[in-house]
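# Fold and geometry: a report
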Amino acid sequence: QVQLVESGGGLVKPGGSLRLSCAASGFTFSDYYMSWVRQAPGRGLEWVSYISTSSYYTNYVDSVKGRFTISRDNAKNSLYLQMNSLRVDDTAVYYCGRLVAVTAPYYFDLWGQGVLVTVSS
Amino acid sequence: QTVVTQEPSVSVSPGGTITLTCGLRSGSVSARLYPSWYQQTPGQTPRTLISNTNVRFSGVPDRFSGSVVGNKAALTITGAQADDECDYYCVLYMGSGIWVFGGGTKLTVL
């Protein structure tokens, strides 16, 4: 079964850290770029970060640059998001997304069920 | 900062046709930005509808269609049904590994 399953969410205090994981199955993980997308409560979707197949290329939305780090382990079919210096406005459901982006047309074709991150004192 | 614009809300009668648009606050949307569209029922995971401006994703009914009209990307729903009532998001690929979501459009079918 082709699927993405996120884990690692929870409640953390401002300034704290959290590491999200996304386990992929049912497809050749190493063939795909991967991404994190988040959705704050009552708000729209926001692209957070992406990583290329070999981890050579990464990028981030400006609001998380220097605080979040995306990584992957192709041997474990897993994607990660290390989140440091968390702020209240990082509170969101974080979705793992598979990208069709090695070449055009650069879109998301598979989504995880999401994991909730709450940053609050 | 790139801002992708969408109508906050639109409504359509059952069986009617509605077009949602996706623009740029500064600039024009063209196929070179590879617009894609996603559907989301509140509390649920997003569902991919359209990629590369007008390519329907697997399993998406043909009453959903994408295009570029003028300087905006567009998602047209023909023969709207009650279960089309949800949120719709467009995404533009800005290059250099940067994707930008629009703010979303809440579609009401009434």
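Going along each chain's sequence as written, the residues are numbered from 1 onward. The order in which chains are written sets their letters, starting at A; the order in which ligands are written sets their numbers, starting at 1. Confidence filtering applies because this is a predicted model: local features only for residues at pLDDT of at least 70, side-chain atom pairs given and counted only at 80 or more, and all residues used for totals across whole chains, interfaces and linings. Hydrogen atoms and water are omitted, and side-chain values are computed over all heavy atoms in the structure.

## Description of the overall build of chain A
Scanning chain A from N- to C-terminus turns up zero helices and eleven strands. Put simply, DSSP H or I for four residues or longer makes a helix, DSSP E for two residues or longer makes a strand, and each gets a number counted from the N terminus. The order of helices and strands in chain A, counted from the N terminus, is β-β-β-β-β-β-β-β-β-β-β. Just to be clear, the radius of gyration here is over C-alpha atoms, and the globule rule we use is 2.2 Å times residues to the power 0.38. Since a compact globule built from 121 residues should have a radius of gyration of about 14 Å, the 14 Å found for chain A is in line with a globular shape. Along the first, second and third principal axes, the C-alpha set of chain A runs to 40 × 30 × 25 Å. Looking at the 121 residues of chain A, the share that counts as buried comes to 50%. Pairs of residues are marked as contacts when any of their non-hydrogen atoms sit within 4.5 Å. Within chain A, residue pairs in contact and separated by at least 24 positions form 54% of the contacts whose partners lie at least 6 positions apart. When the accessible surface of chain A is totalled, it reaches about 5,300 Å², and 48% of it is carbon and sulfur. Each residue gets one of three labels from its accessible area relative to the maximum for its type: buried under 20%, exposed over 50%, partly exposed in between, using a 1.4 Å probe on protein chains only. Shrake-Rupley sampling with a 1.4 Å probe provides the accessible areas, and residues are treated as covered by the protein chains on show and by no other component.

## Some words on the pattern of salt bridges
Residues and elements named next belong to chain A. Salt bridges are defined as contacts in which a side-chain nitrogen from Lys or Arg sits within 4 Å of a carboxyl oxygen from Asp or Glu. Summed over all chains, the structure comprises seven salt bridges over all chains. For R98, the salt bridge goes to D109, with nearest N and O atoms at 2.7 Å. A residue pair is termed long-range when its members are at least 10 positions apart, and R98 in strand β9 (residues 92–100) and D109 in strand β10 (residues 107–111) qualify at eleven residues. Just as R98 is buried, D109 falls in that class too.

## Quick word on the sheet that holds strand β1 (residues 4–6) of chain B
Residues and elements named next belong to chain B. DSSP bridges decide pairing: two strands pair if at least two such bridges lie between them. Here we have four strands laid out as an open sheet, ordered β1-β3-β8-β7, and antiparallel in their pairing. The sheet terminates laterally at β1 and β7 (64–69), the two strands that pair on one side only. Put simply, the sheet's adjacent strands are angled 20 degrees from each other on average, direction ignored. Judged from the three bridges that link them, β1 and strand β3 (residues 17–24) form a sheet pairing that is antiparallel. Across the sheet, the residue bridging to V4 is L24, located in β3. The angle between two axes is taken between their N-to-C directions and runs from 0 to 180 degrees, where each axis is a line fitted to C-alpha atoms and a helix contributes only its stretch in contact.

## Points about the interface of chain B and chain A
With 21 residues of chain B at the contact, the number on the chain A side is 21 residues. By convention, the term buried area covers the 1.4 Å-probe accessible surface removed from two parts as they join, with the contributions of both added. Carbon and sulfur atoms supply 65% of the area that chain B and chain A bury against each other, a total of about 1,800 Å² over both sides. Taken as a group, P46(B), W99(B) and F101(B) account for 36% of the area that chain B buries against chain A, more than any other trio of residues on that side. At the boundary of chain B and chain A, one finds zero salt bridges. Pairs of N or O atoms are called polar contacts if they sit within 3.5 Å, as long as, within protein, a hydrogen donor faces a hydrogen acceptor (for residues adjacent in sequence, only side-chain-to-side-chain pairs). Counting the contacts that link chain B with chain A gives ten residue pairs in polar contact (both at pLDDT 80 or more). In the side of chain B that touches chain A, the residues fall into ten nonpolar, eleven polar and no charged. Three categories are distinguished: nonpolar for Ala, Val, Leu, Ile, Met, Phe, Trp, Tyr, Cys and Pro, charged for Asp, Glu, Lys and Arg, and polar for the others, with Gly belonging to the last.

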